[in-house]
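Coordinate inspection notes
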Amino acid sequence: MKYLILIYSNPASREIWEGFSEAEQAEGYAYYAGLTEQLVDSGELIVSEALADASHTKRVTVRDGETITSDGPFAEVKEQLAGFYLVDCESSERAVEIAAKMPEAAFGLIEVRPVLDLSAAGM
Amino acid sequence: MTEPTGTERLLRQLAPQVLGVLTRRHGDFETCEDAVQEALLAATGQWPAEGVPSNPTGWLITVASRRRLEMVRSDAARRRREVTAAALAPPAPEPLPAVDDTLTLFLLCCHPVLTRVSQVALTLRGVGGLTTAEIARALLVPEATVGQRISRAKQRIKASGARFEPPPAAELPDRLVAVRQVLYLIFNEGYTASSGGRLHRVELTAEAIRLARQLHRLLPDDGEVAGLLALMLLTDARRPARTGPDGALIPLAEQDRSKWNQAAIAEGTALVTSALATAPVGPYQLQAAIAAVHDEAARAEDTDWPQILALYDHLHRLAPSPMVTLGRVVVVAMVHGPRAGLDQLTAAAADPALADHHRLHAVRAHLLDLAGDRSAAREAYELAARRTLSIPERRYLEARASRLGMTGP
């Protein structure tokens, strides 16, 4: 089963991150690199990416055939998507176990969503 | 779907034999398995152009042995010379193996130290003779993910100290349970309603049936292996009728039964009939028997529901599971009416594993529909559609809900 693990940031978590010293931030990056390596090693990782700062966001709207973009960040959005892991693992319990390793889980900023698949066994 | 070519089919058939010979000879399963994979890839490239060698098994054993030697030798310069030599010299004929190690190979690939996903990948490669790329395409995951699963699985086998030899007789029944489960998982993984030809998946149902046939040939007296093969054949027989031209699922009751594969039904029915008569009964045989009763009905209304209910009762006693409970509820409704089914469903919902399962909502919707309670049925179909993790199922459930909505309650 494939699961998407979504990592969000909010003002509080961003403040903590920005308050980190360079060494502490390096430690944070190393922690994530180690986590990614573990998931590659276990054969569970499909893809993971960290997203650029939310100020790079472009909201895209097509109206009357014309594409209009508005630039972020959007003040009304408090929680920003910061990165994700797409994993293929045995159970939702295992996906939750992986998600719990994300430091942002301490702030309730991790979500696990199952991915729809094409199987229809037993129908 | 891509049909395997003649060469691919031959290679998949020969692969376990070649791997058995190599591992028996050298012991290091990890390296031997990689070497055989490379030999298979070399053959895939060479044979279609140059023709199949007169002794294809011998060719593969020779090439795999050389590859293994190259891997074992760490000296890079030496390795380069070996490659050149291997490319120049025609393989010497190898004697054919005297013993069939395929069962040992099945058991090793489904070793209990491995996770289920690793067992699946390793079985498809080691016994099935599929390439990593083919397995990745079939499982819809990247090739690197599958490669990693296989290499890690082999490391675990090595670390566990498992040897390439048949397990003690006392362990065999438990070990075979895992092999059957892995094959059934492969079958179900392939039992997808693919839309359009863009997926190019290796036919996993066909591979699972082929492997189950092999296992049945090795263990003709194992009633559950026969039951498993029968269940696959009897289920796969309905495949041509299972999806419409637009890829939408068609439920059993509405399928065009003239499209069912009668040869597969006859074979599956014969297998399960003989297994039930000669071997101790087991869950695969009972599920196959249920499938056979469905398949022998020329029209949905001819289905022998009391017979199916008796089989479900037996299955429920022998191997209770949430899905068996739900399947049985549907049959109760067919025998005793939808209200009787709904009563049993309420009881079944007490099981936390089922309480919010999409299948429970789907069954409730179906029974409410049968009972004529259209608005409640619609709501339950919508709930089930939101809860399912399968795209074809969601499409089917949404279609049911909107069909009930259109004419109004």
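What counts as what
- Positions within a chain are numbered from 1, following the residues in the order the chain's sequence is written.
- For this description, chains carry letters from A and ligands carry numbers from 1, given in the order in which they are written.
- Where totals are concerned, whole chains, interfaces and linings use all residues; where local detail is concerned, this predicted model gives features only for residues with pLDDT of at least 70, and gives and counts side-chain atom pairs only at 80 or more.
- Note on conventions: DSSP H or I runs of at least 4 residues are helices, E runs of at least 2 residues are strands, and numbering of each starts at the N terminus.
- Remark: C-beta atoms are placed from the backbone, and a residue is labelled buried if 20 or more other C-beta atoms sit within 10 Å of its own, exposed if 12 or fewer do, or partly exposed between those counts.
- C-beta atoms are first placed from the backbone for all residues, and any pair lying within 7 Å is then listed as a contact.
- Defined on buried residues, the nonpolar core groups Ala, Val, Leu, Ile, Met, Phe, Trp, Tyr and Cys residues joined through C-beta atoms within 7 Å.
- Predictor confidence is given residue by residue as pLDDT, running from a minimum of 0 to a maximum of 100.
- A strand pair is defined by DSSP finding two or more bridges across the two strands.
- Every angle, taken between N-to-C directions, lies between 0 and 180 degrees, and every axis is a line fitted to C-alpha atoms, over only the stretch in contact when it is a helix.

A word on the overall build of chain B
Assigned secondary structure in chain B consists of 21 helices and 0 strands. Classification of the 409 residues of chain B by burial places 44% in the buried group. Long-range pairs, those at least 24 residues apart, make up 62% of the contacts in chain B between residues at least 6 apart in sequence.

Things to note about the overall build of chain A
Looking only at helices and strands, chain A features 3 helices and 6 strands. The order of helices and strands in chain A, counted from the N terminus, is β-α-α-β-β-β-β-α-β. Taking the principal axes of the C-alpha coordinates as reference, chain A spans close to 50 × 45 × 20 Å. Looking at the 123 residues of chain A, the share that counts as buried comes to 16%. Put simply, 72% of the contacts in chain A that link residues at least 6 apart link residues at least 24 apart.

Some details on the nonpolar core
In this structure, B:Val18, B:Val36 and B:Leu183 are the most contacted members of the largest nonpolar core, which totals 108 residues. In terms of residues, this core owes the most to one element, helix α11 (residues 223–236) of chain B, which gives 9 residues. The next biggest cluster of nonpolar side chains, apart from the first, holds 12 residues, and it includes A:Ile7, A:Leu39, A:Leu45 and A:Cys89.

Thoughts on the interface of chain A and chain B
Listed by partner, the interface residues are 16 residues for chain A and 23 residues for chain B. Broken down by secondary-structure element, the contributors of at least two residues to the side of chain A that touches chain B are α2 (22–41) and β2 (45–50) of chain A.

Things to note about unusual backbone geometry
Notably, A:Asp64 is not glycine yet its phi reads approximately 50 degrees, a positive angle. By the secondary structure assignment, A:Asp64 is in the loop between β3 (58–63) and β4 (66–71). A count of 5 C-beta atoms within 10 Å places A:Asp64 in the exposed class. One non-glycine residue with positive phi stands out, namely B:Leu140, at about 60 degrees. With respect to the helices and strands, the residue B:Leu140 is situated in the loop between α7 (132–139) and α8 (143–160).

Things to note about the confidence of the model for chain B
One rule of thumb: low pLDDT means the predicted coordinates there are not for detailed reading. On average, chain B scores 89 in pLDDT, and the residues at 70 or more come to 89%. Across the whole predicted complex the pTM is 0.87, and at the interface the ipTM reaches 0.79.

Examining the sheet that holds strand β6 (residues 110–114) of chain A
Residue and element names in this part refer to chain A. Judged by pairing direction, the sheet is antiparallel, and its 4 strands sit side by side in the order β2-β5-β1-β6 without closing on themselves. The two strands at the open ends of the sheet, each matched to only one other strand, are β2 and β6. With direction set aside, neighbouring strand axes in the sheet form an average angle of 20 degrees. Where strand β1 (residues 2–9) meets strand β5 (residues 80–88), 8 bridges bridge the pair, whose relative direction is antiparallel. Across the sheet, Tyr3 pairs through a bridge with Val87, a residue of β5. Its contacts with the sheet put α2 on β2 and β5, and the angle it makes with β2 is roughly 165 degrees.

A look at the pairing of β3(A)
All names here are of chain A. Burial of β3 is sparse: only 0 of the 6 residues sit out of reach of the surface. For β3 and β4, the ladder comprises 6 bridges, and the chain directions are antiparallel. Residue pairing for β4: Lys58 is matched across the bridge by Asp71. Counting the residues between successive antiparallel strands, the hairpin from β3 to β4 contains 2 residues, one of them, Asp64, with a positive phi of roughly 50 degrees.

Digging into the environment of B:Ala300
Residues and elements named next belong to chain B. Structurally, Ala300 can be placed in the loop between α14 (283–296) and α15 (305–318). Classification of Ala300 as partly exposed rests on a count of 14 C-beta atoms within 10 Å. Sequence separation between Ala300 and Glu33 is 267 residues, and the spatial gap between their C-alpha atoms is 48 Å.

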